[in-house]
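# Structural characterization, general
These are the residues of each chain, in order.
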Amino acid sequence: MIYYFILLLLVCTFSVLINLKIDLLSKKISIYDKPDKKRKLHKSKTPILGWLHTLIAMIFLLLFSFIDNENIVFKSNIFEIYNEEHIRAFISLFIGAFLIFFIGVYDDKNNISATKKSLYLVGILYLIVNFDKTLIINNIYFKDFNYIIYLENFAIPFTILSIFFLINSLNLYDGINLQTGLFLTFVFLTFILKGIFVEFFIVFLISNILFILKNFNGRLFYGDSGIYLNSYIISYFIIKSYNSINILNTELIMIIFFLPALDLLRVFIVRLLFLKNPFEGDRNHIHHILVYLFNNINLKVNLVLLLLFSSPYIFYEFLDISFIFSFLPALIFYFSLVIYFYRYKKRI
């Protein structure tokens with residue numbers, strides 16, 4: 001256990017150093033998000049180096065895996081060094097995460113097209129899922145309805161599309177200071193409270209909180225690289241937990257990611273209805289709407305977003321309200337905001 005506390009100390013120390021030396025690091029690495037007065041309204045170019053916090057956590061976890069003889073972080077039911085299937089799980093976590101991360105870095109640096117980005121992501125996900133069969137979603141079980149859908153021949157395509165969908169929904173959800181940091185904090189805390197790889201996600205919770213300290217005033221962004229890396233890790237452990245531990249059910253997964261998923265679907269449908277490229281960015285996401293309605297006051301915007309994404313979980317988990325009725329108030333509130341924006345305010 002002492003080694004785990006040393007791991008936490010090292011992650012904290014290096015993350016603090018990243019925050020203290022961010023100006024120097026940004027000049028060396030030179031990846032910035034520049035304002036364009038259209039979708040990106042921050043006042044000055046901002047380092048896209050938030051991924052350093054997550055990457056440092058991953059690197060130390062990788063090193064820790066070689067001395068984790070007690071399986072403190074890498075539980076033996078998934079990561080077992082002498083089991084070929086579990087070795088594949090270990091490789092698919094780290095190699096998969098690093099490959100997905102490098103696509104994000106390449107995009108942050110060169111701003112590649114959405115089509116190329118999607119092809120790269122789907123290609124890598126196809127290789128990962130075929131390499132690690134324990135990462136395949138073979139069925140969809142609705143606990144509240146006691147109903148199961150067997151995917152059979154659609155299992156691999158469904159798994160790839162699910163991970164791809166989560167990566168894109170979290171990427172498109174990222175828009176203003178604190179927005180992604182708060183949502184990731186919510187996700188990591190949920191996993192910890194549910195007992196899902198607690199020691200693993202404590203490390204990521206710490207690195208994310210230290211990122212927030214620089215992000216709340218716009219000094220640091222995650223960028224595609226940080227979002228991709230976090231999204232893949234979250235996807236990985238959701239599927240592993242769903243397949244082997246049975247802590248997460250389908251309804252709970254849908255509730256946790258209700259807001260980013262809903263916003264992505266709405267925006268894509270609206271773009272298609274107006275004969276626009278669904279992957280072409282605009283300023284019609286929920287955070288854009290709230291920024292307009294609350295006169296660009298980030299605190300109010302993030303409080304509303306926090307209410308939207310956390311209330312369904314609270315209703316479902318702590319108040320024992322049924323799946324449908326747990327997110328119904330948030331759904332009504334969400335569309336009320338959208339309708340009010342489009343009906344009474346000019347479109348941005």
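In the block above lies the structure referred to throughout.
This report concerns the structure included in the present document. In this text the structure is predicted, and so the values were computed from the model without any measurement.

## Observations concerning the overall build of the chain
When you go through the chain residue by residue, the secondary structure sums to 14 helices and four strands. Seen through its principal axes, the chain has C-alpha atoms that stretch 60 × 55 × 40 Å. Per-residue burial for the chain yields a buried fraction of 52% across its 348 residues. Partitioning the contacts of the chain with sequence separation of at least 6, the portion at a separation of at least 24 is 70%. When the accessible surface of the chain is totalled, it reaches about 17100 Å², and 66% of it is carbon and sulfur. Charge separation in the chain, taken as the distance between the mean sites of 30 positive and 22 negative side-chain charges, equals 15 Å.

## Examining the pattern of salt bridges
Throughout the structure, instances matching the rule amount to seven salt bridges. A salt bridge links aspartate 107 to lysine 117; the nearest nitrogen and oxygen atoms lie 3.0 Å apart. Linking aspartate 107 in helix 4 (residues 84-110) with lysine 117 in helix 5 (residues 114-131), this pair joins segments that are ten residues apart in sequence. You can call aspartate 107 buried: its relative accessible area is 4%.

## A few points about the nonpolar core
Leu61, Phe200, Phe201, Tyr232 and Ile234 are the most contacted members of the largest nonpolar core, which totals 106 residues. Ranked by the residues each element gives to this core, the list is headed by helix 9 (residues 223-245), at eleven residues. When sequence neighbours within four positions are dropped, the list of residues in contact with isoleucine 234 reads Leu166, Leu170, Leu184, Val187, Phe188, Phe191 and Phe257.

## So, helix 13 (residues 298-317)
Taking 1.5 Å per residue, 20 residues should reach 28 Å; helix 13 reaches 28 Å between its end C-alpha atoms and fits that length. Residues Val301, Asn302, Val304, Leu305, Leu308, Phe309, Ser310, Ser311, Pro312, Tyr313 and Tyr316 constitute the buried set of helix 13.

## A look at the environment of asparagine 153
Tracing the backbone shows asparagine 153 in the loop between strand 4 (147-150) and helix 6 (155-173). In this structure asparagine 153 comes out as exposed when scored by relative accessible area, which is 73%. C-alpha of asparagine 153 to C-alpha of leucine 9: the two residues are 144 residues apart in sequence and 46 Å apart in space.

## Things to note about the layout of surface pockets
Over the atoms, a rolled probe matching the size of one water molecule traces out where space is still vacant. Put simply, the second largest pocket is a space of about 720 Å³. Looking at the second largest pocket, it is lined by 25 residues, and the ones nearest its centre are Ser162, Phe165, Thr250, Ile253 and Met254. The set of elements that each furnish at least two residues to the lining of the second largest pocket consists of strand 3 (139-142), helix 6, helix 9, helix 10 (250-256), helix 11 (258-273) and helix 14 (323-344). Per-element accounting of the lining of the second largest pocket gives the leading share, six residues, to helix 6.

## Things to note about the packing of helix 3 (residues 51-65) against helix 8 (residues 198-215)
Between two packed helices, the angle of one axis relative to the other and the distance separating the axes together describe the packing. The N-to-C vectors of helix 3 and helix 8 enclose an angle of 155°; their axes lie 9 Å apart at closest approach. On the basis of their axis angle, the class for helix 3 and helix 8 is roughly antiparallel. Where helix 3 crosses over helix 8, the handedness of that crossing is right-handed. Of the residues in helix 8, those in contact with His53, Thr54, Ala57, Met58 and Leu61 of helix 3 are Phe200, Val203, Phe204, Ser207, Leu210 and Phe211. Residue classes in the contact of helix 3 with helix 8 are distributed as eight nonpolar, three polar and no charged.

## As for the packing of aromatic side chains
For the structure on display, the rule yields 31 aromatic pairs. Centre to centre, the rings of phenylalanine 200 and phenylalanine 237 are 4.6 Å apart; their planes meet at 50°, and the pair counts as tilted. You can see phenylalanine 200 sitting in helix 8 and its partner phenylalanine 237 sitting in helix 9, a full 37 residues away along the chain. The two residues phenylalanine 200 and phenylalanine 237 agree in class, both being buried. Through a chain of ring-to-ring contacts, three or more aromatic side chains come together here, namely Phe188, Phe191, Phe197, Phe200, Phe201, Phe204, Tyr232, Tyr236 and Phe237. For arginine 88, the ring lying beneath its charged end belongs to phenylalanine 131, and the centroid distance is 4.6 Å.

## Digging into the environment of leucine 210
Here leucine 210 lies in helix 8. On the accessibility criterion, leucine 210 (13% relative accessible area) is buried. Spatially, the C-alpha atom of leucine 210 lies 31 Å from that of valine 122, the residues being 88 residues apart in sequence. Non-local contacts of leucine 210, meaning those with residues more than four positions away in its chain, are made with Cys12, Ser15, Val16, Asn19 and His53.

Cut-offs and rules
Residues numbered from 1 in each chain as written. Predicted model: local features only at pLDDT ≥ 70, side-chain atom pairs only at ≥ 80, totals over all residues. Heavy atoms only, no water. Helix = DSSP H or I, 4+ residues; strand = E, 2+ residues; numbered from the N terminus. Buried < 20%, exposed > 50% of the residue type's maximum accessible area, 1.4 Å probe, protein only. Contact = heavy atoms within 4.5 Å. Areas by Shrake-Rupley, 256 points an atom, 1.4 Å probe, with all protein chains shown as cover. Lys, Arg positive; Asp, Glu negative; His and termini not counted. Charge placed at Lys NZ, Arg CZ, Asp CG, Glu CD. Salt bridge = Lys/Arg side-chain N within 4 Å of Asp/Glu carboxyl O. Core = buried A, V, L, I, M, F, W, Y, C linked by side-chain atoms within 4.5 Å. Expected span 1.5 Å × (residues − 1). 1 Å grid on protein atoms, 1.4 Å probe; cavity = no way out; pocket = protein on both sides within 12 Å on 5 of 7 lines; lining within 4 Å. Points joined across faces, edges and corners; volume = space filled by probe spheres on them. Axes fitted to C-alpha atoms, helices over the stretch in contact; angles between N-to-C directions. Parallel < 35°, antiparallel > 145°, perpendicular 65-115°, else oblique. Left-handed = near helix turned anticlockwise from the far one by under 90°. Nonpolar A, V, L, I, M, F, W, Y, C, P; charged D, E, K, R; others polar. Phe/Tyr/Trp six-rings, centres within 6.5 Å; stacked < 30°, edge-to-face > 60°. Lys NZ or Arg CZ within 6 Å of the ring centre and 35° of its normal.

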